[in-house]
Amino acid sequence: QQQRTQAKMDTMEVPNYGTVVVCPYNNAHQILAERLQKHLVKCRRQYPNAKITCPFNNAHHIPEQELKLHTKTCPDRGQMESFKYAIASTPAPPPQAAVYVRSDGTTVLATAPPVEDVKQDDDENWDDMDAPAYNPAKYCANNLIIRKATHKTAAEKRQFYEDERVRHEMLKKGNA
Ligand SMILES: [Zn+2]
Ligand SMILES: [Zn+2]
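Residues numbered from 1 in each chain as written. Chains lettered and ligands numbered in written order. Predicted model: local features only at pLDDT ≥ 70, side-chain atom pairs only at ≥ 80, totals over all residues.

The name given to the protein chain in an unreviewed UniProt entry is AGAP012124-PA, with Anopheles gambiae as the source organism.

Another point: the UniProt feature "domain: CHHC U11-48K-type" (unreviewed entry) in the protein chain. Under the UniProt annotation, the feature "domain: CHHC U11-48K-type" (unreviewed entry) is placed at residues 20–47 and 51–78. Taken end to end, residues 20–47 is 39% helix and 21% strand, and its two terminal C-alpha atoms sit 21 Å from one another. In the segment residues 51–78, helix accounts for 32% and strand for 21%; the C-alpha atoms at its two ends are 22 Å apart. (UniProt positions renumbered as here; feature names shortened; annotations may be inferred. Helix = DSSP H or I, 4+ residues; strand = E, 2+ residues; numbered from the N terminus.)

This paragraph deals with the confidence of the model for the protein chain. Low pLDDT marks stretches whose predicted atomic positions should not be read closely. When pLDDT is averaged across the protein chain, the result is 75; 64% of the residues are at 70 or more. Confidence drops under pLDDT 50 across residues 1–8; counting only partners more than four residues distant or on other chains, this segment forms nine contacts. Taken together, the stretch residues 145–149 has pLDDT below 50 and engages in four contacts with residues farther than four places along the chain or on a different chain. (pLDDT = per-residue confidence, 0-100. Contact = placed C-beta atoms within 7 Å.)

Glancing now at the sheet that holds strand 2 (residues 18–22). Each strand in a sheet pairs with its neighbour through backbone hydrogen bonds, running either in the same direction (parallel) or in the opposite one (antiparallel). Spatial strand order, 1-2-3: three strands in an open sheet with antiparallel pairing. Across the chains shown, the open sheet's two edge strands, defined by having one partner strand only, are strand 1 (11–14) and strand 3 (30–32). Here the strands of the sheet are splayed against their neighbours by 35° on average, with no regard to which way each runs. Where strand 2 lies against strand 3, three bridges are found, and the strand directions are antiparallel. Within strand 3, the residue paired with Val-21 across the bridge is Ile-31. (Pairing = 2+ DSSP bridges. Axes fitted to C-alpha atoms, helices over the stretch in contact; angles between N-to-C directions.)

A word on the pairing of strand 7 (residues 107–110). Pairing of strand 6 (residues 98–101) with strand 7, which is carried by four bridges, proceeds in the antiparallel orientation. In the strand pairing of strand 7, Ala-98 is matched with Ala-110. Count of turn residues in the strand 6/strand 7 antiparallel hairpin: five residues, of which Gly-105 carries a positive phi of about 90°.

The following block contains the structure:
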């Protein structure tokens, strides 16, 4: 039965066996879906084929016979569809999310620097008004001066104890 190699793809559920896919190269090959990729690697060698560029990703060069199968499973298929949708609805590309550090040291994953409003329960964030970008050196320097003891961070505590040590040594020297 010399059957013309067909691009038709067919799947069927076989009870107690699994999903069976008909090989795009030879419909006498009925392959378990999970083994299909391995099978195709072997089978495509036996069938000379022209390569066709995947409509979803032009880096995908698909044997003609596998194109239908590929377009059903191509990982870029969804991206292409949402890409088209994004073009149609919003002209701007979605902004990249990034981790931003707030003035209180907490982090936030956002697409823009967090706007820290004035509802803060203390007056310690005045320095953020004209300094939206996180500057570690400035942050630490300001913090040493303005942070209340109850708000100490680990770094501040270390600095506090270091200051205390220096102070105690000065006292010791003064007493000597
Ligand atoms: Zn096959
Ligand atoms: Zn593809």
